[in-house]
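# Remarks on the overall topology
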Amino acid sequence: MVKLLFLAALLTGAPSTIAQTSVPTPRELQTGNLWIRAVASPNYHKYLQTKPANVPGIAILDSYTTAGQFNIVDGQLVNKVANPPLYMWVEEPADKANPPRTLSTWFNTTKNPFGTFNFQGDTVAWSVPSVKRQNTAAWLVCKNQQLFINTGAYAYQTPSGCADQTIHYYNDKTANN
Ligand SMILES: *[C@@H]1O[C@H](CO)[C@@H](O)[C@H](O)[C@H]1NC(C)=O
């Protein structure tokens, strides 16, 4: 419930207890960082970020002009452009044997306690032993460009209003369209 209230506060713009300033992400990739983006329609070259940039908030895929910079370090998907750094969190379902189809993702100032991120080649995957998934690289982008873990199969019975996506790192100097 605390988590939901916090998310509600983020969504409504109510003051949160975490003092952090939105700074634009540099347009050139900083050493040790990567862009993360989808490469298929309808989110082709939409990039991982928060809005406003570099403050705690829900994870979205949006324009290359505001693309965030990230990396995966010790199983954490981290934004080190933000000060303090931000970590991607994954919603922990009450019933892990029968989880909801989508698990929400957001950024917080503390490390994600639920599951592990890794790269499979250039593809971002997330897994946790307690939740069985057919495809650990399956994501869904739904209303307002919000990014979710897809606990089901990729491109199978896609929830209404969502699009199946995989997300990939990209390490060219600038994010492109
Ligand atoms: C953010 O992290 C703090 C400290 O771990 C935790 O108490 C809080 O519930 C988290 N909030 C969200 C929205 O993840």
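Since we're looking at a predicted model, the values are computed, not measured.

Enumeration over the complete set of coordinates arrives at two salt bridges. Put simply, K51 and D62 hold a salt bridge, and the shortest N to O gap is 2.9 Å. Of this pair, K51 sits in the loop between β2 (47-49) and β3 (57-58) while D62 sits in strand β4 (residues 60-62), placing them 11 residues apart in sequence. Classification of D62 by relative accessible area gives buried; the value is 17%.

Glancing now at the nonpolar core. For soluble globular proteins, nonpolar side chains are generally found buried alongside one another. Residues L48, L77, M88, F117 and L147 are the most contacted members of the largest nonpolar core, which totals 25 residues. Per-element tally for this core: the top contributor is strand β7 (residues 86-90), with three residues. Those residues within four positions of M88 in sequence are excluded, and the remaining contacts are L48, A59, L77, T105, W106, F107, N112, F117, W139 and L147. L29, Y47, A67 and Y170 belong to the second largest nonpolar core, which has six residues in total.

Outside of glycine, negative phi angles account for most residues, and trans bonds account for most peptide bonds. Between S41 and P42 the backbone carries a cis peptide bond, its omega angle lying at 5°. Tracing the backbone through its elements, the reader meets P42 in the loop between β1 (35-38) and β2. Following K51, the chain continues to P52 via a peptide bond in cis, the omega torsion being -5°. Along the chain, the position of P52 falls in the loop between β2 and β3.

Cut-off values and rules
- Residues numbered from 1 in each chain as written.
- Predicted model: local features only at pLDDT ≥ 70, side-chain atom pairs only at ≥ 80, totals over all residues.
- Heavy atoms only, no water.
- Salt bridge = Lys/Arg side-chain N within 4 Å of Asp/Glu carboxyl O.
- Helix = DSSP H or I, 4+ residues; strand = E, 2+ residues; numbered from the N terminus.
- Buried < 20%, exposed > 50% of the residue type's maximum accessible area, 1.4 Å probe, protein only.
- Core = buried A, V, L, I, M, F, W, Y, C linked by side-chain atoms within 4.5 Å.
- Contact = heavy atoms within 4.5 Å.

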